[in-house]
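As a plain string of letters, each chain reads:
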Amino acid sequence: DAKTTQPPSMDCAEGRAANLPCNHSTISGNEYVYWYRQIHSQGPQYIIHGLKNNETNEMASLIITEDRKSSTLILPHATLRDTAVYYCIVKLQGSARQLTFGSGTQLTVLP
Amino acid sequence: DVKVTQSSRYLVKRTGEKVFLECVQDMDHENMFWYRQDPGLGLRLIYFSYDVKMKEKGDIPEGYSVSREKKERFSLILESASTNQTSMYLCASSVEGATDTQYFGPGTRLTVL
């Protein structure tokens, strides 16, 4: 699975868009980008995933650059409940059963 | 919404006790997982089950066993709890063939004294 790089921390004002970047310059053509988050003392939560096209669901949008070497998770209107550690994972579908999280980005939404 | 529930949020046990952690999912998922999460070590897979009565060892199965008698329920058993099993235990489930999108329970923080 390709390695990912994320900033260790970010702040965002409540109600504004939170844009969380992830670099994955060694991604291969059939590896997907997955995003999870973990609110303090809770289990991880799946957010979204994509291969090459931009994706949107009720939680977030995922923008993947044309060369696929980086992506951005967008929370369009951040709330205090979005404060969490956000993990970007790059992997082949079904390549391994276990999820392996890096250090992620601690997003703090400020009132 | 997928719902994965775990029997306890917090549990305190003594060394040598037998400990049962229960996990139930309501989305008819074939796959279920047990992880432990420790600071600096991330998520580590203990056991995986892909069907009723079917199980596979993960990375750290020693000291643990599992049971899956019904599709919706996956139990983790610590046969004789030890202090190094103090951890956050997380259960997850996923549909068949989609192990990359896992839905997690709230976790059980187990302390072994």
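Our structure's up above, just so we're on the same page.
Scoring rules and cut-offs
Residues numbered from 1 in each chain as written. Chains lettered and ligands numbered in written order. Predicted model: local features only at pLDDT ≥ 70, side-chain atom pairs only at ≥ 80, totals over all residues. Heavy atoms only, no water. Disulfide = S-S within 2.5 Å. Helix = DSSP H or I, 4+ residues; strand = E, 2+ residues; numbered from the N terminus. Buried < 20%, exposed > 50% of the residue type's maximum accessible area, 1.4 Å probe, protein only. Phe/Tyr/Trp six-rings, centres within 6.5 Å; stacked < 30°, edge-to-face > 60°.

(A) Representation of the state of the cysteines. Taken as a whole and assessed by the stated rule, the structure comprises two disulfides over all chains. Here A:Cys22 connects covalently by a disulfide to A:Cys88, the sulfurs 2.1 Å from one another. Judged by the sign of its S-S torsion, about -80 degrees, the bond between A:Cys22 and A:Cys88 is left-handed. Highlighted residues: A:Cys22 in strand S2 (residues 18-23) and A:Cys88 in strand S8 (residues 84-92), separated in sequence by 66 residues. According to the relative accessible area criterion, A:Cys22 is buried, its value standing at 1%. A sulfur-sulfur distance of 1.9 Å marks the disulfide that ties B:Cys23 to B:Cys91. In this structure, the disulfide formed by B:Cys23 and B:Cys91 twists by about -75 degrees around the S-S bond and is classed as left-handed. You can see B:Cys23 sitting in strand S3 (residues 19-25) and its partner B:Cys91 sitting in strand S9 (residues 87-94), a full 68 residues away along the chain. Using a relative accessible area of 0% as the deciding quantity, one classes B:Cys23 as buried. A relative accessible area of 0% places B:Cys91 in the buried class. Looking at the unpaired A:Cys12, the closest cysteine sulfur is the one in A:Cys22, lying at 18 Å. A relative accessible area of 8% means that A:Cys12 is categorised as buried.

(B) Main features of the packing of aromatic side chains. Counted under the stated rule, the structure contains eleven aromatic pairs over all chains. Taken together through their ring pairs, the aromatic side chains of A:Tyr36, A:Tyr46, A:Tyr87, A:Phe101, B:Phe33, B:Tyr35, B:Phe48, B:Tyr50, B:Tyr103 and B:Phe104 make up a single cluster.

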